[in-house]
Amino acid sequence: MDDRVLVGSTAPLARAESAPSHVWRLDDGGRQTLVIGALRDRLPQVVYWGAPLPRDEDLSVIFEGAQIDITGGMLDENPDLSLCPEAVRTFPGQPGLICRAQDGTPLLPKFCFESAEKEAGLTLRYRDEAAGLRLIFRFGVDAQTRIITAQTVLEADAPVHLHWLAAPVMPGPQAADEMIDVSGRWCGEFQMNRTAWSPGMRYRENRTGRTGHEHFPGLMIPARGCTNTQGEAWGFHYGWSGGHKMIAEELPDGRRQIQFGHAARMEHEAATRFETAPLYLTYSATGLNGCAVSFQRHLRDRIVTWPKSPTERPVHYNCWEAVYFDHSLPVLKDIASRAAAIGAERFVLDDGWFGQRDDDTRALSDWEVDPRKYPDGLDPLISHVHSLGMTFGIWFEPEMINPDSDIHRLHPEWALGSEDQTLGRNQKAMNMARADVRDFIFERMAAILGNHEIDYIKWDHNRVLPMPDAAQTRGSYALIDRLRAAFPDVEIESCASGGGRIDFGILSRTQRVWLSDSNDALERLRMQHDAALFLPMAITGSHVGPRQCHTSGRTLDISFRAWVAAQRHMGFEMDPRELDDREEAVLTEVTAWWKRNRGWMAEADILRLDSSDPAVIAEQQMPREGDRFVVFAGKSRTSAQISPRPLRLAALEPGARYKVWLTNRISAPALSRGHPILKHDPIEVSGAWLMSHGVTLPWSYPETMWVLEGERL
C-alpha cells in the first residue's frame, strides 16, 4: 500500500447512523494527516487535518468524534460540510457548486458515491444520475515538500452553464482566532491582512482577469499563539492566473469552511466538463515558516520547469529605468559594458525596440524591430552583449494591443471587449481565446526568437481585462506552452505591471516573477519578506534601482539597495552611468558576494524571523541540510528603544555549535560607539543560544541592512 495514501475499507455500522460508510486517510510521511469520511453514499467531508495520526488510528472513531451535537433551534441532523457543500441537503452556508441547465433552469444536484481509486493519490467519484452530473475529487500528496494538492472536476451528460465550482472544500480550524490573506496595489504588493473569524463570511473575489496585485490567491490560518517560528498553521494557495474567489465562512453552528475557485461566472459558454485549478494545501506545527517552506520548495522543485539549473541564476541588468523608450545603440552598448563590469551576466532589452514605439500610446502588437532605432536590426546590440560575456533577453507584452497599431487597424476584431471600452495604459487586451490571435502572436515572437540568440523573455501584462474570462487565461497558457515547446531553452519572466500575475499556474510555465515595479529597497524589504510565505529566492526577481527611486521619490544608499536585491534573484535596473566611485565599488562587492553564495541560496529555505523590534524586518536563509545560513536584518524605521534588541534565529540544531560573523561589519556608523563582539570578531556559540537568546547586532541607522553569516562546526 502507498505509504502516503491509506484507503480504509467500509467502516463497521455498529455505532448507529453516525458511523461512516467510507473513510480514507492521506499522510505525507510524517508531518500531516488528512482524514476524509462519508455517511452512507453522501459526499465526503474532511473530518481531520493536522498533526500526523498513528497508523493504527481507528478512523471510524475519528469520523464520529468530529460530529457536533444538536440542540434547540437546529435541524434534526447537521448538514454535511462536505468537499462540495450541497444546497439541496439544507446546507446553511455557501454551496460548493452553482450551475444551471442550458435553458437556464437552476440545477440542485444530490451526488451519491460511485467509486474510489488510490492510484497516485486518491480519486473519489460521485454521481447524480437524474441530473446527469458527475463530481470528481482528486488528491495528491508530496512527501518531500509536504504539499497536498486538491482539485474538483464537474462532468455533465449535456452542456451546462457554470456559475461557481469550488476546489475541494476544507474545514477552517477551530483553534484559530484570525486568518491572514493577501492584498496589494501597484508598487505595494503582498500586503498581509489579519481578519478575525466571526459569524458570517469573509468573501474575496478578484475580477480583474489576472492574478492581480490586489488579491494574491493565498491564505494562512494561524492557530492561537502562532508566530513565524512556532505554533500550528494551515496554508492554502489556488494556482490560477485568471482571477479567483475565496470564501472563509463561519456557520451558525460554529463550523467553518474554506472555499477557493475561479472567480464566479468566468465560464461564458456551456460545456460538459469544468475543473478547478489545483488547490495547494499544507499544515505546519512549526509556525508560518513551516507552511512557507513547503510552498517555496514545492514551487521551486515541483512546479517550475527550469531550462537550466536554478543554482545558476545569472545577475540581471534591465535597461528600463535607464532609458525607458529612448533607445540608442551607442548608449545601450555603453550601459551594457558598465553593467558587465559591475557583475551583470544577462542584459534585458525592455519596452521600446519594436514598431513605432516611442511611448506607451502606440505599436503594441507590431512585433517587428524598429528600423529607426535599430537600422541593422538587433544583432549589433546582441553581439556586443555576448562579447561582454552576458546573455541577452528581450521584453514582450504578447497579450496586449494598442488601438494605434498596424495590427489593430488591420484586425480590430482581435481585441477583447467592446470598441468603446476604457483603456489601460492606452491599450486593450488581445482575445486569447481565438486560435488565429494565438497563431499570429506565436509567429511574430518565434520570428524574433528564431532569428536571434535570445535566452530570456520578460513577458509583461500591463492592464486588467475588460471582464474576467477563463477562456482568456487558458488561451494565454496555451500560447506560453507552445512557445516553451518551440524554444525550450528560453527562460520566461512573468511581469504584470510588477506583481500582477504571480501564482503557481503561471509559474508552471515561467521561471521568474517580477515582484513589483517598485525598486524602492525600503518597500521591497517588506514585500519580499511577506512574499516569502509562498515564493522562494530562485524565482523572485529583485533589482538595484536608481539612487532616487522613480516610483517613490525616496533616496537610499547603495549599500541598502544592493543588499535588499541580494536577498533574492539579484539584478540592476538603474543607469550605471549615475554611479560614483564608492557606489560602484559597493555594488561590485555585494554582487560578488551574491555570486559566491547563489548556488546554495537558490535552493535554501527562507525563514521569516520573529523580530523583537518591529522596526527590524529579518529573515534567515538556510539549506535543508542546515550546515550554513545567512541572516538579512533590515531596519525599516527608527526603533522605539535606543539599543538593538537581540535577534533570535530559527530551525538550528540546539546542541550543535555555529561560527557566526557579521559580513558587512565595516558598515557600522560612527554613532555605533560600543563594542558588541560581532563588530570585531566571529563568535562560536550553540544553536540553543542563537535560538533562545539571539544575536546582538550593532546600532544602525534606519534604511540599512545587517548581513550575518553562519556555519555549523
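An account of the accompanying structure is given in this report. All of these numbers come straight from a predicted model, not from anything done at the bench.

## Some remarks on the packing of aromatic side chains
Under the criterion given, the structure shown has 29 aromatic pairs. Arranged with centres 6.1 Å apart and planes meeting at 85°, the rings of Trp593 and Phe632 form a pair that is edge-to-face. Taken together, the residues Trp593 in helix α12 (residues 581–601) and Phe632 in strand β33 (residues 628–635) connect sequence positions 39 residues apart. Its relative accessible area of 0% is what places Phe632 among the buried residues. Here Phe629 and Tyr658 contribute two aromatic rings whose centre-to-centre distance is 6.1 Å and whose plane-to-plane angle is 50°, an arrangement assigned as tilted.

## Some thoughts on the packing of helix α7 (residues 435–451) against helix α8 (residues 470–486)
Packed helices, taken two at a time, are described by the angle between their axes plus the distance between the axes. Where α7 contacts α8, the two axes come as close as 11 Å, and the packing angle between them is 30°. One element, α7, and the other, α8, form an angle in the roughly parallel class. The crossing of α7 and α8 is right-handed. Touching Arg438, Asp439, Ile441, Phe442, Met445 and Leu449 of α7 are Gly475, Ala478, Leu479, Arg482, Leu483 and Ala486, all from α8. For the contact of α7 with α8, the residue count by class is eight nonpolar, one polar and three charged.

## So, the side chain of Gln257
One can find Gln257 in strand β18 (residues 256–262). There is a polar contact of 2.6 Å between the side chain of Gln257 and the side chain of Glu249. In terms of polar contacts, Gln257 uses its side chain to reach the side chain of Gln259, at 2.7 Å.

## A closer look at the pairing of strand β31 (residues 605–608)
Every second residue of β31 is oriented toward a common face, with Asp605 and Leu607 on one face and Ile606 and Arg608 on the other, all of them buried. Sheet analysis places β31 next to strand β32 (residues 616–622), joined by four bridges and oriented antiparallel. Within β32, the residue paired with Asp605 across the bridge is Met622.

## Details of the packing of helix α10 (residues 521–531) against helix α11 (residues 558–566)
As a packed pair, α10 and α11 sit with axes 9 Å apart at the nearest point and diverge in direction by 25°. Between α10 and α11, the angle is such that the two are roughly parallel. In this structure, the crossing between α10 and α11 has a hand that is left-handed. Note on element contacts: α11 touches α10 through Phe560, Arg561 and Val564, opposite Ala521, Leu522, Arg524, Leu525 and Gln528. Grouping the amino acids of the contact of α10 with α11 by side-chain chemistry returns five nonpolar, one polar and two charged.

## Considerations on the sheet that holds strand β17 (residues 244–250)
Sheet architecture is open: four strands sit in the order β11-β18-β17-β14, paired in antiparallel fashion. On the outer flanks of this sheet lie β11 (170–171) and β14 (200–205), each paired with one strand and no other.

## Focus: the side chain of Asn664
With respect to the helices, strands and loops of the structure, Asn664 is situated in the loop between β34 (657–662) and β35 (683–686). With near-sequence residues (within four places) excluded, Asn664 lies in contact with Trp563, Met705, Trp706 and Val707.

## Details of a negative patch on the surface
Together, Glu603, Glu625, Asp627, Glu684 and Glu711 give the surface a local cluster of negative charge. Along the chain, the position of Asp627 falls in the loop between β32 and β33. Looking at Asp627, the relative accessible area reads 34%, which means it is partly exposed.

Rules used in this analysis
- Residues numbered from 1 in each chain as written.
- Predicted model: local features only at pLDDT ≥ 70, side-chain atom pairs only at ≥ 80, totals over all residues.
- Heavy atoms only, no water.
- Phe/Tyr/Trp six-rings, centres within 6.5 Å; stacked < 30°, edge-to-face > 60°.
- Helix = DSSP H or I, 4+ residues; strand = E, 2+ residues; numbered from the N terminus.
- Buried < 20%, exposed > 50% of the residue type's maximum accessible area, 1.4 Å probe, protein only.
- Axes fitted to C-alpha atoms, helices over the stretch in contact; angles between N-to-C directions.
- Parallel < 35°, antiparallel > 145°, perpendicular 65-115°, else oblique.
- Left-handed = near helix turned anticlockwise from the far one by under 90°.
- Contact = heavy atoms within 4.5 Å.
- Nonpolar A, V, L, I, M, F, W, Y, C, P; charged D, E, K, R; others polar.
- Polar contact = N/O pair within 3.5 Å; in protein donor to acceptor, adjacent residues only side chain to side chain.
- Pairing = 2+ DSSP bridges.
- Patch = residues over 30% accessible without salt bridge, like charges linked within 9 Å, V, L, I, M, F, W, Y side chains within 5 Å.
- Areas by Shrake-Rupley, 256 points an atom, 1.4 Å probe, with all protein chains shown as cover.
- Salt bridge = Lys/Arg side-chain N within 4 Å of Asp/Glu carboxyl O.
- Lys, Arg positive; Asp, Glu negative; His and termini not counted.
- Charge placed at Lys NZ, Arg CZ, Asp CG, Glu CD.

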